[in-house]
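Chain by chain, the residues run as shown.
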Amino acid sequence: MEERYQAAAKQSMELSMQASSSELKFLIIQNAALFQEAFDVVVWHALNYTALLFRGPWAGLEGEAWGPVTQLFKHVSLYILGLDTSVDDMVNSFFDSLFPAVYRRLLSGAAGGSRDQPSEECLRAARRDTGAFGPLPKLIITRISRSLLAARVFLQALNLGIEVVNTTDHLRFGKDCGRTLLRLWYCPHCRGLLEARPCLGFCQAVMQGCLLQVSEVQPHWQGYIEGLAGLAGGMHGGYDLENVLLKLHTLVRDAVLHAHRNRLHLATLVKRVFVSFYFTSWLFTMYFSPCPPQVSGMCGHSPQRLAHSVHSPEDGPAHQRGLKSPPVDPHETLAGRRREFIDTLQGFTHFYSSLPEALCSRESAMLNDSLCWNGQDIAERYPPPTMKKVQTHSPDTKPKALEPVINQIIDKLKHINQLLRMVSAPRRRVKARPAGGELEQEEALESGDCDDEDECSGSGQGGAPPHRRRLRIFTGK
């Protein structure tokens, strides 16, 4: 019978834990979903702004540019969600894929209209050797790396917060805790004192004993909220995803303009690369027939491939497919929503240290210890003269090694706290390594590294629009 009462007491404790954390859990879950959706909307709009570049004077590029553009922003979205990839790789891959179309549509006339046009693979390989887009690819990498990493770590931190609260909500309490809970809640019933309420001091002593190991999470939880607030507060200018991605199309425009304005010199460089590859192919054909496929594929003629379009009409740009922008609220931005969320979250900074008090307030413990259950009888105060306050009721207060599940969430909090500190560090460039998600810091940014909030141009051939574009992305609270 006692075992069943203990089981019921521990189940009641677990339910009380879940009820006490419900507001916190809902806050984090709601905002994790909200910010993930908001980031998706920002990426969606940035994609369309970039796709719209290839209309008008560059209408010939529209169909062929759609594939590289969508692939770039697909990788941006996946990176934010935690994909182990490199921003350098995704940006360089975008320009590698874009260059063949730019060369054929905008630059090939400068080469004299030769029928011996390089294949797409050869042009992709030549893009970096020729510096076709000037310094713009590197500048784009610098610009978006900081904001993407900040958004990525922000979402990662929110998801870990949900995991921490879920873990502590479903802890298994030991026999010692079960006995003290039994005395707290059910012993008065055995004496017919069905209406007796526990003394506040007695209730808090029992809860502190049962939650002794959970209390070890508190300093790391406090560091987690402080780190999250620091990161959110620093997500402006070059660290603000909305600010950076919605200006990305201007840098892509500058890159294409750079290639177009230097088309004569660029066509000469590409021709040299093409001749070099073609000569290498001829040598292999003469001495090692047949020509290795990787060489002939890179530099051989491929008119059929050049004439064939891999994009069907339904795969065209968004404006051709009749896509509409998601509905937006004109009164909210990402920055405003982050501030509101952090202000609310900071009210839970001491959540784990105040948990015993919160649980007892839910149990309607007597606040003034007047005629309450003190663990032995109905009395006017706790503890009674013959009882030590905590140790008698909670042997769990003896020092013990932490449970594996507690150690695990503490280790995860330590790790995310380190990431939060590094990403929000002022004037430091922080990059995520492709494997393992670890971070490395580089020296402070050079004075010539223009920040987006400075309203300066990405290159000498064009710049940001004269007004700041700010996307309103929230449809409601």
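Each chain has its residues counted from 1, running along the sequence as written. Predicted model: local features are reported for residues with pLDDT of at least 70 only, side-chain atom pairs are reported and counted for 80 or more only, and whole-chain, interface and lining totals are derived from all residues. Excluded from the side-chain calculation are hydrogens and water; included are all heavy atoms of the structure.

Undergrad: Explain the packing of helix α1 (residues 2-51) against helix α2 (residues 62-80) residue by residue, including any values.
TA: Structural elements are reduced to axes, namely lines fitted to C-alpha atoms, with helices fitted over the stretch in contact, and the angle between N-to-C directions of any two is expressed from 0 to 180 degrees. Starting at the N terminus, helices and strands are each numbered in turn, a helix being any DSSP run of H or I of at least four residues and a strand any DSSP run of E of at least two. Relative to each other, α1 and α2 sit at 160°, their axes nearing to 10 Å. With respect to their mutual orientation, α1 and α2 come out roughly antiparallel. Of the two elements, α1 crosses α2, and the hand of that crossing is right-handed. Between α1 and α2, the residues in contact are Phe39, Asp40, Val43, Ala46, Leu47, Thr50 and Ala51 and Trp66, Val69, Thr70, Phe73, Val76, Ser77 and Ile80, respectively. What sets the label is the angle itself: under 35 degrees gives roughly parallel, over 145 gives roughly antiparallel, 65 to 115 gives roughly perpendicular, and the rest give oblique. We call a crossing left-handed when the near helix sits turned anticlockwise from the far one by less than a right angle, and right-handed when that turn is clockwise. Note on definitions: a residue-residue contact is assigned when non-hydrogen atoms from the two residues lie within 4.5 Å.

Undergrad: Can you break down the packing of aromatic side chains residue by residue, with the values?
TA: Classification of ring pairs uses Phe, Tyr and Trp, with its six-membered ring standing for Trp, and accepts pairs whose centres are within 6.5 Å; under 30 degrees between planes counts as stacked, over 60 as edge-to-face, and the remaining range as tilted. Inspection of the entire model under this criterion finds 10 aromatic pairs. With centroids separated by 5.1 Å and ring planes inclined at 85°, the aromatic side chains of Phe35 and Phe154 adopt a geometry described as edge-to-face. In this pair, Phe35 is assigned in helix α1 and Phe154 in helix α5 (residues 136-169), connecting sequence segments 119 residues apart. Residue class for Phe35 comes out buried when judged on its relative accessible area of 0%. A centroid spacing of 4.9 Å and a plane angle of 65° characterise the contact between Phe94 and Phe95, whose relative ring orientation is edge-to-face. Buried residues are those whose accessible area, probed at 1.4 Å on protein chains only, stays under 20% of the maximum for their type, while exposed residues exceed 50% and partly exposed ones sit between those limits. For Phe94, a relative accessible area of 3% puts it in the buried group. A connected cluster of aromatic rings, assembled from ring pairs, spans Phe94, Phe95, Phe99, Tyr103 and Phe133. The criterion for a charge sitting over a ring is simple: Lys NZ or Arg CZ within 6 Å of the ring centre, and within 35 degrees of the ring normal. When the ring centre of Tyr239 is taken as reference, the NZ or CZ atom of Arg146 above it lies at 5.7 Å.

Undergrad: Tell me about the state of the cysteines, and name the residues and values.
TA: When two cysteine sulfur atoms are found within 2.5 Å, that pair is recorded as a disulfide. Per the counting criterion, the structure on display carries two disulfides. Shown here is the disulfide that connects Cys177 with Cys210, its sulfur atoms set 2.0 Å apart. Because the torsion about its S-S bond is 110°, the bridge between Cys177 and Cys210 counts as right-handed. Taken together, the residues span a long stretch of sequence, with Cys177 in helix α6 (residues 175-185) and Cys210 in helix α8 (residues 200-210) at a distance of 33 residues. Residue Cys210 is classed as buried on the basis of its relative accessible area, which comes to 10%. At a sulfur-sulfur separation of 2.1 Å, the disulfide partner of Cys203 is Cys360.

Undergrad: Requested: an account of a nonpolar patch on the surface, with residues and values cited.
TA: Taken together, Leu78, Leu81 and Leu83 make up a surface patch of nonpolar side chains, about 230 Å² in accessible area. Structurally, Leu78 can be placed in helix α2. Only residues above 30% relative accessible area that lack a salt bridge enter a patch, with like-charged residues linked at up to 9 Å and the nonpolar side chains Val, Leu, Ile, Met, Phe, Trp and Tyr linked at up to 5 Å. Residue exposure ignores everything except the shown protein chains as possible cover, and the areas themselves are Shrake-Rupley values with a 1.4 Å probe. For salt bridges, the criterion is a side-chain nitrogen of Lys or Arg within 4 Å of an Asp or Glu carboxyl oxygen.

Undergrad: Account for the pattern of salt bridges, with residues named and values stated.
TA: In total, this model carries nine salt bridges according to the counting rule given. Of the charged contacts in the structure, one is a salt bridge between Glu64 and Arg104, with a shortest N-O distance of 2.6 Å. One end of the pair, Glu64, is in helix α2; the other, Arg104, is in helix α3 (residues 87-107), and 40 residues separate them in sequence. Residue class for Glu64 comes out partly exposed when judged on its relative accessible area of 21%. Among the ionic pairs, Asp84 bridges to Arg152, the shortest N-O distance being 3.6 Å. Of this pair, Asp84 sits in the loop between α2 and α3 while Arg152 sits in helix α5, and the two are 68 residues apart along the sequence. Look at Arg152 and you get buried, because its relative accessible area is 9%.

Undergrad: I'd love a proper account of α1, names of residues and values included.
TA: Given 3.6 residues per helical turn, the α-helix brings residues three or four places apart onto the same face. The span one expects for a helix is its residue count, reduced by one, times 1.5 Å. Its 50 residues place the ends of α1 70 Å apart at the C-alpha level, agreeing with the 74 Å of an ideal helix rising 1.5 Å per residue. Think of it this way: the bend at a residue is just the angle between two axes, each fitted to seven residues, one set ending at that residue and the other starting at it. Largest kink in α1: about 50°, centred on Ser22.

Undergrad: Describe the side chain of Ser145, naming the residues involved and giving the relevant values.
TA: Inspection of the secondary structure assignment puts Ser145 in helix α5. By relative accessible area, which is 11% here, Ser145 ends up buried.

Undergrad: Kindly report on the nonpolar core, identifying the contributing residues and their values.
TA: Nonpolar side chains tend toward joint burial in soluble globular proteins. Ranked by internal contacts, the top residues of the largest apolar core, which has 119 residues, are Phe54, Leu181, Trp221 and Leu228. Ranked by residues supplied to this core, first place goes to α5 with 18 residues. If we ignore the near neighbours within four places in the chain, the residues touching Phe54 are Ala59, Leu61, Glu62, Ala65, Val69, Leu98, Val252 and Val256. Joining through side-chain atoms within 4.5 Å is the link that ties buried Ala, Val, Leu, Ile, Met, Phe, Trp, Tyr and Cys residues into a set, and such a set is a nonpolar core.

Undergrad: Explain the confidence of the model for the protein chain to me, using residue names and the numbers behind them.
TA: Reading predicted coordinates in detail is not appropriate for stretches of low pLDDT. pLDDT measures how confident the predictor is about each residue, on a scale from 0 to 100. Confidence along the protein chain averages 74 in pLDDT terms, with 63% of residues attaining 70 or more. Helix α9 (residues 218-234) holds the highest mean pLDDT among the elements of the protein chain, 96, whereas helix α14 (residues 303-307) holds the lowest, 32. Confidence drops under pLDDT 50 across residues 110-114; counting only partners more than four residues distant or on other chains, this segment forms six contacts.

Undergrad: Please provide a residue-by-residue account of the environment of Pro100, values included.
TA: In this fold, Pro100 is placed in helix α3. By relative accessible area, which is 1% here, Pro100 ends up buried. Sequence separation of Pro100 and Arg127 is 27 residues, and the distance between their C-alpha atoms is 8.5 Å.

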